[in-house]
Number of protein chains: 2
Amino acid sequence: MGIFSKTCEYAVRAVFFIAQQTADGSRVGIKEIAVNIDSPEHFLAKILQDLSKRGIIQSVKGPNGGFYLDAQNLSRPLSDVIEAVDGGGIFRDCGLGLKECSSKNPCPLHHDFLDVRNRLQNMLESITIGQFNEDLNLGIVVLKK
Amino acid sequence: MGIFSKTCEYAVRAVFFIAQQTADGSRVGIKEIAVNIDSPEHFLAKILQDLSKRGIIQSVKGPNGGFYLDAQNLSRPLSDVIEAVDGGGIFRDCGLGLKECSSKNPCPLHHDFLDVRNRLQNMLESITIGQFNEDLNLGIVVLKK
DNA sequence: ATAATAAAAGACATTTTTATCTTTTATTAT
DNA sequence: ATAATAAAAGATAAAAATGTCTTTTATTAT
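Residues numbered from 1 in each chain as written. Chains lettered and ligands numbered in written order. Predicted model: local features only at pLDDT ≥ 70, side-chain atom pairs only at ≥ 80, totals over all residues. Heavy atoms only, no water.

A. Layout of the protein's contact with DNA strand D. Lining the immediate environment of DNA strand D, one finds 25 residues, of which Pro63 of chain A together with Gly29, Lys46, Ser59 and Pro63 of chain B sit closest. Sugar plus phosphate, as a fraction of atoms of DNA strand D within 4 Å of the protein: 56%. Note that a sugar or linking oxygen of DNA strand D is positioned 3.2 Å from one of the side-chain N or O atoms of Lys61 of chain A. Backbone polar atom of Gly62 of chain B to a sugar or linking oxygen of DNA strand D: 3.1 Å apart, as the coordinates give it. (Near = heavy atom within 4 Å. Polar contact = N/O pair within 3.5 Å; in protein donor to acceptor, adjacent residues only side chain to side chain.)

Printed below as a string of structure tokens:
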């Protein structure tokens, strides 16, 4: 198990891919996305449907349709995707699973975990969905394998 | 989904509880552990069986039997428990699920994730299983609710 | 209007995780 | 030796996550 669910991993990879592919105003289809981020097509379709409903990505049906991101979408923080798919638990929940863990009633790891989670959250909030377009174009970073 | 699996959360809470309860050389039974860390008894039993096989905790059958930790066990890092239950993936695997993600072939988050994971690992390697015994005695930290 | 396209939606299937219950084995005290 | 105790082991079951396949709906180009 990674930090995120498999669903969330696919979501992030797909969003980055759509960002890069549609920066020119075009759209990209589910099949092409799935192939290029190495994910099961129909499973990814569900994920993107959900992201589309939430306004994190855009979609249009029919010929020349597909998924794309508008300028707004590109400027949103990556944490939006994580929150949409996995929920914000990773930023907030107790590392040991305690419901009422808090500074008043802490688990043994409360303090240390607070630090780690805050760093993760700050990181994901400061990264934008569109910020890797250039690096993806140059092949400096990758989304599959 | 938290950072760790539910299994791992139970394991860590249980290990901390056993540490505190058996510091005096006694043993503690599965029923008492389960009640005090708020976990399903038989499910926890499996987890502790496994930790026992791996030498992370000790167990003896029969009357006056139960689980306990020896001095060695108490001084081991908490990361041992995480590795035993969830595996070391959380310290090593790509945040976006790429098999071959590396500094040579990085995913977009590679660099940032490296930092977060290393911090998590350092934290869990520097915490020992026995180090919260005092705080648990004093009620400064808790293992249930 | 019609046919082609592509996402949306629905129905299942599989796998993994989490949980429960029963039987067996080892140990201890009597 | 025997009975009592407690973990180990085995067998299922339920729930959640992941994956696949089919049908429907919206849009576009002809």
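We are not done yet, so read on.
B. View of the relation of the copies chain A and chain B. When chain A is fitted onto chain B, the two copies agree to an RMSD of 0.0 Å after a turn of 180 degrees and an axial shift of 0.0 Å. Given the turn and translation reported, the copies of this chain are related as if by a two-fold rotation axis. If distances are taken from each C-alpha of chain A to the rotation axis, the shortest is found for Ile3 of chain A, at 2.9 Å. A symmetric contact is evident, with 100% of the interface residues of chain A recurring at the interface of chain B. (Least-squares fit on C-alpha atoms with pLDDT ≥ 70 in both. Contact = heavy atoms within 4.5 Å.)

C. Here's a closer look at the protein's contact with DNA strand C. Taken together, 25 residues are adjacent to DNA strand C, and Gly29, Lys46 and Ser59 of chain A together with Thr7 and Pro63 of chain B come closest. What you see for DNA strand C is that sugar and phosphate hold 58% of its atoms within 4 Å of the protein. Between DNA strand C and Lys46 of chain A there is a distance of 2.5 Å, counted from a base nitrogen to a side-chain nitrogen or oxygen. For DNA strand C, a phosphate oxygen lies 2.8 Å from a polar atom in the side chain of Ser59 of chain A. When contributions to the surface near DNA strand C are tallied by element, the ones reaching two or more residues are helix 3 (41-53), strand 1 (58-60) and strand 2 (66-68) of chain A together with helix 1 (6-21) and helix 3 (41-53) of chain B. Counting residues per element, the surface near DNA strand C draws most heavily on helix 3 of chain A, at four residues. Taken together, the residues that form the surface near DNA strand C break down as nine nonpolar, 11 polar and five charged. (Helix = DSSP H or I, 4+ residues; strand = E, 2+ residues; numbered from the N terminus. Nonpolar A, V, L, I, M, F, W, Y, C, P; charged D, E, K, R; others polar.)

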